[in-house]
2 protein chains.
Amino acid sequence: MENKKLKIGIIGLGTVGTGVVKVLKNFDNAEVIQAAVRNLNKKREVEVSNITDDPFKVVNNPEIDVVVEVAGGCDPAYELITTAIKNKKHIVTANKELLAKFGAKIFDLANEYNVAVLYEAAVAGGIPIIGPIKTTLKGNTFTKVAGILNGTTNYILTKMEEKNISYQECLKDAQDLGYAEADPTGDVEGYDAMYKIATLANITFHKRIDVNKIYREGITKISADDIKIADELGYKIKLIGLAQRVPGVEDGELDIRVHPMLVSKENMISKINNALNAVLLEGFPVDKVMFTGPGAGEFPTASSVVGDIMQIAGEFGHTDTILPLTRCTHKEMAEQIDIKHTKNKYYISIKAPNSKGTIGIIGTVCGENNINLSSILQKGIKEDNTAQVIVITEESSESDIQNAIDKLKTHNIEINNLIRVM
Amino acid sequence: MENKKLKIGIIGLGTVGTGVVKVLKNFDNAEVIQAAVRNLNKKREVEVSNITDDPFKVVNNPEIDVVVEVAGGCDPAYELITTAIKNKKHIVTANKELLAKFGAKIFDLANEYNVAVLYEAAVAGGIPIIGPIKTTLKGNTFTKVAGILNGTTNYILTKMEEKNISYQECLKDAQDLGYAEADPTGDVEGYDAMYKIATLANITFHKRIDVNKIYREGITKISADDIKIADELGYKIKLIGLAQRVPGVEDGELDIRVHPMLVSKENMISKINNALNAVLLEGFPVDKVMFTGPGAGEFPTASSVVGDIMQIAGEFGHTDTILPLTRCTHKEMAEQIDIKHTKNKYYISIKAPNSKGTIGIIGTVCGENNINLSSILQKGIKEDNTAQVIVITEESSESDIQNAIDKLKTHNIEINNLIRVM
C-alpha cells in the first residue's frame, strides 16, 4: 500500500492552530502547506511556508486535501467549510458553535460530496469522545450523556470553593490568569457548553438538535454561600451539560439542557476540578462509562485535531468512502421537551421574614404543589432580620416548583437561588 | 454505496458470546450465522441456526466474513485464529492471554493476509481504550499507561475495606456471588492484569512486549490491616497495571509491571471501586486522560465486541485495507527493565521486637541504603510483644529497598508487607 502525504490547509493560527502545526511536525504522513491568518504581520511561534490573510485561498487551493478550521465563529467559517467541501476537501474542525448551528447543512453536503467531516476537538478538548461514540461504542443505545463541558466555568467554580470568594472576584482572577476571556459571556452564560451538548446529543441519539430549544443557564448567579452550603450537605456545584431520553418514553423525546447542578460528592463528576472536563455516557449494553481530561488548551486540543487528521491520512487513497462510521446520516429532528416538563430534585435557598410560621408557609406551599421535601435547614437570622432557609426537594416537576416559588413570593418569601440536583 | 450484510461466526457461547448474539439482533448489517460451543446439549439463552462443537468448522466456513473468538485460552484459540486469518477472515477477539503471548505472530499474519484483528474487549471490558489509543489519540507520544485492569481483584479490595475482612473471607464471598472463579489464580495473582498491560504497553509505545519479563504480584498478601493503615494515611490499595517509559531515557526502556499500590485518595484512580476498571494515559500533546467503566460482564464486554464488528461492517467492501490505523505494524521488541532497576515510594509494614533502639535500627539501615523516610509510625505493641512499625519512604531504588530489608532481617526485624506507592 502506498501512503500519499496528506496536504493540510489550516484556517487560524491562534493557540490551537499553532499547537496543530507544532505537533504535525512529528508526522511524515501529513504536512501543513498553507495557513490563513487575520494579521499577516503578527509574529508567530511556528512557520508555515505559504501564509495568507484570505482564508478562501485555502479552501480553493487545489493542492490541499484537508482543511483544518480552528478560527471559530460562524461567519465566514460556514461559507469557508461549505466551499471546501464542494471542492472535495475533507474537513477537520474544532468549531462547536458552527456545528451546533449549521451541522445539519454541513453533514448533508459532506455526504453529497463524499468527504469526511471530523470534529473531535469541538467537544471536551483533548478527551476522546466523538470518536468512541461513533466507533467503539457504536453497538450501544444510549439513554444519557452528561458532563462538565466547559473548563472556564469549572475553573471558576473550583476556585470559588477553594478560596471562598464571590463569582465576580473569581472571574477577575481567571481573566488575569488567562482562564477566562475579556468578554466571558460565551463561557459563563453556558453558550459554549450548550453548543457542545447539542453536538453530543446529536451523535448519541442520532437526531438533529435545535440549539435554540436547549435550556441554558450559566454560573453567574452562584454565590460563595451556595457553594459552602452545598458542601455542608455533601455536594459540589458544577455546570452540567445534559441530554437524556425522557424516562418512560421509548425512542421519544429528548431532555437537553445546560445549567448548574448540585452533584453528590459520591459521584465521580464532583471530583473533576479546575479546567478539566468529563463526559459520562449511559446506555445498553455498555452501562456507564466516563471520560475525563483536559477540556481545552493548545496541546490537548491539538491532540484531537491531529488524531482526526491521522484518521483521514490512514484511509486516504485506499477507500471509496473515507471513515463511513463517522458520517452523520440521520436527518430526523429530535423532539426536545421544554424544561417545564422535566422532573428534578432541587436545592432552593430562600430568604424569608424572621417571623413565626415562615417554615410552616414554606412547607404548606410545597405540599400544595406536590413537592416533597427531603431536607429543610434554617441557617440563622441575618442582619436585615431575615432568615435563610435551605430546602432540598425530592423529585418534583419543574412547573410545580415554579408555581410554588410564585406562591411563596406572595408571602414575602424570596428565592436567593434555585439549583437543580443531579 | 452498497452495504453487504456481514456474516459472523462466533467461537464460544458463554457469558460474552451470548451477550454478543443478543446485542447483534438489533443490527441489520451483521448476523451470526454459525457458533461453535463445547457442549451441544447445553440449554442456551440465544438461538444460532447453525451450531457446532467443532470450532474449525467456523474458521473454515467460506460463508463467514468475521470470526468472533470469545472462548479464551491459547489452545486451540491460536490455531483457530491463524487458520481464520489464512482464510481471509477478519478477527474480533476478547482473548487477552492469546494477544499477550502470541500477538506478534497473529498481527504479522493479519498484515500478510490484509485482514483486521480487533480486540477492544480484551482490555478493560466495556471501556473504549484500544480504539481511542489507535485512532483519536494517534497524534500522541505516550509516557505512561496505568490503571485498574482487573474487576475481580478490585471488587475484593473494595469489599475488604468496606467490611474490614481478610482476603480469604472476601474471596469466598466473591466466589459465592460469581465475582471470582472457583480457581481464582488468574485474577488474584495478577495474570489477567498482566496480559492486559502487555497489550496496552504494546499499542501505547509501539513496541512488542515479552510478557515473561513483566513483574507480577497479586493481592493475596494484602491484609485488612494494610488496608486500614493505608486509609489512615490517606491512601487506598489498588492492584495497578503500569507501563511507563523509564524517566530520563529517550524512546528507550520500558518499565512494565502489575502489583498492588497505595493510591492517594486525591488521585481519581482511588475512587474506582467494586468491579469497575480505569485506564489513565499520559503523553504529549494530550497531557492526561482517564477512562472508567465496567471491566467485565456479559453486556459491557459485548459492547466492545459489537463495536469492533460495526467498524469492520462500516468499511467492508469499500476499501482495499480495512481499518489501516488499527494495524499493528511495529516489530521491534521493547527493552523491558527488571523491577530491581525501578524507583518507587514504598509502604513497609514492619514487625519488630519490642525493645529500645528498634526505631533507631530501622532509621539507620534505611539511611545506610540511601532510603529517606517520609513518615514512620509505630502502631502499638502486639500480644506477642512485637511492635508494628509503618514506614513510608521517599522515592528509593527497588534494589536499595531489598538490601535494607535483608539487613533488617539480621536484626530480627521482619517485614509484614511491602507495597509500592503510586
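Reading guide: rules and limits
- Residues numbered from 1 in each chain as written.
- Chains lettered and ligands numbered in written order.
- Predicted model: local features only at pLDDT ≥ 70, side-chain atom pairs only at ≥ 80, totals over all residues.
- Heavy atoms only, no water.
- Salt bridge = Lys/Arg side-chain N within 4 Å of Asp/Glu carboxyl O.
- Helix = DSSP H or I, 4+ residues; strand = E, 2+ residues; numbered from the N terminus.
- Buried < 20%, exposed > 50% of the residue type's maximum accessible area, 1.4 Å probe, protein only.
- Contact = heavy atoms within 4.5 Å.
- Axes fitted to C-alpha atoms, helices over the stretch in contact; angles between N-to-C directions.
- Parallel < 35°, antiparallel > 145°, perpendicular 65-115°, else oblique.
- Left-handed = near helix turned anticlockwise from the far one by under 90°.
- Nonpolar A, V, L, I, M, F, W, Y, C, P; charged D, E, K, R; others polar.
- Pairing = 2+ DSSP bridges.
- Core = buried A, V, L, I, M, F, W, Y, C linked by side-chain atoms within 4.5 Å.
- Least-squares fit on C-alpha atoms with pLDDT ≥ 70 in both.
- Right-handed = clockwise from strand over helix to strand, strands pointing away.

1. Quick word on the pattern of salt bridges
Okay, step 1: The tally for this structure, following the rule as stated, stands at 38 salt bridges over all chains.
Okay, step 2: Ionic pairing is found between K379 of chain A and E232 of chain A, a salt bridge with its closest N-O pair at 2.7 Å. Of the two residues, K379 of chain A sits in strand β14 (residues 373-381) while E232 of chain A sits in helix α10 (residues 224-232), which places them 147 residues apart along the sequence.
Okay, step 3: Of the residues examined, K379 of chain A reaches a relative accessible area of 31% and is grouped as partly exposed.
Okay, step 4: Judged by its relative accessible area of 46%, E232 of chain A falls in the partly exposed class.
Okay, step 5: The salt bridge involving K265 of chain B is made with D231 of chain B; its shortest N-O contact spans 2.8 Å.

2. A closer look at the environment of K382 of chain B
All names here are of chain B.
Okay, step 1: With respect to the helices and strands, the residue K382 is situated in the loop between β14 (373-381) and β15 (386-393).
Okay, step 2: Separated by 31 residues in the primary sequence, K382 and I413 place their C-alpha atoms 14 Å from one another.
Okay, step 3: Setting aside residues no more than four positions away along its own chain, K382 makes contact with D225 and Q388.

3. A word on the packing of helix α1 (residues 15-24) of chain A against helix α11 (residues 298-315) of chain A
Residues and elements named next belong to chain A.
Okay, step 1: Interaxial distance between α1 and α11 falls to 8 Å at its minimum, and their mutual angle equals 60°. Compared by their axis directions, α1 and α11 come out oblique. The two elements α1 and α11 meet at a crossing, and its hand is right-handed. Contacts between α1 and α11 involve T15, V16, T18, G19, V20, K22, V23 and L24 from the first element and E298, F299, T301, A302, V305, V306, I309 and M310 from the second.
Okay, step 2: Split into classes, the residues belonging to the contact of α1 with α11 amount to ten nonpolar, four polar and two charged.

4. Side note on the sheet that holds strand β6 (residues 117-118) of chain B
Two strands in a sheet stick together by hydrogen bonds in their backbones, pointing the same way (parallel) or opposite ways (antiparallel).
Residues and elements named next belong to chain B.
Okay, step 1: With respect to topology, six strands assemble into an open sheet ordered β3-β2-β1-β4-β5-β6, the strand pairing being parallel. In the strand order of this sheet, the two ends are held by β3 (51-52) and β6, each with one partner.
Okay, step 2: Pairing analysis gives four bridges linking strand β1 (residues 6-11) to strand β4 (residues 66-69), with the strands arranged parallel. Counted as the bridge partner of I8 is V66 from β4.
Okay, step 3: The sheet strands contacting helix α1 (residues 15-24) are β1 and β2 (30-36), and the helix crosses β1 at an angle near 160°.

5. Description of the nonpolar core
Okay, step 1: Of all hydrophobic cores here, the largest spans 166 residues; its most connected members are I129 and L200 of chain A together with I129 and L200 of chain B.
Okay, step 2: Non-local contacts of I129 of chain A, meaning those with residues more than four positions away in its chain, are made with E120, V123, A124, L200, V279, L281 and F291 of chain A.

6. Brief notes about the relation of the copies chain A and chain B
For the pair of chain copies, the relating transformation is a rotation about an axis with a translation along it.
Okay, step 1: The two copies are related by a screw operation: chain A maps onto chain B through 180° of rotation and 0.0 Å of translation along the axis, at an RMSD of 0.0 Å. Taken together, the turn and the small shift mark the pair as related by a two-fold rotation axis.

7. Some thoughts on the sheet that holds strand β6 (residues 117-118) of chain A
All names here are of chain A.
Okay, step 1: An order of β3-β2-β1-β4-β5-β6 is seen for the six strands of this open sheet, with the pairing classed as parallel. Each edge of the open sheet carries a strand with a single partner, namely β3 (51-52) and β6.
Okay, step 2: The strands touched by α1 within the sheet are β1 (6-11) and β2 (30-36), with β1 carrying the most contacts at an inclination of about 160°.
Okay, step 3: Strand contacts of helix α3 (residues 77-86): β1, β4 (66-69), β5 (90-93) and β6, with the helix running at about 150° to β5, the strand carrying the most contacts.

8. A word on the pairing of β2 of chain B
Residue and element names in this part refer to chain B.
Okay, step 1: Burial within β2 is extensive, with six of its seven residues counted as buried.
Okay, step 2: Both β1 and β2 contribute to a ladder of six bridges, which runs parallel. Residue pairing across strands places I11 opposite A36, the latter belonging to β2.
Okay, step 3: Taken together, β1, α1 and β2 form a β-α-β motif whose crossover is right-handed.
Okay, step 4: Where β2 lies against β3, two bridges are found, and the strand directions are parallel. Pairing of A36 across the sheet is with T52, part of β3.

Purely geometric numbers; function is a separate question.
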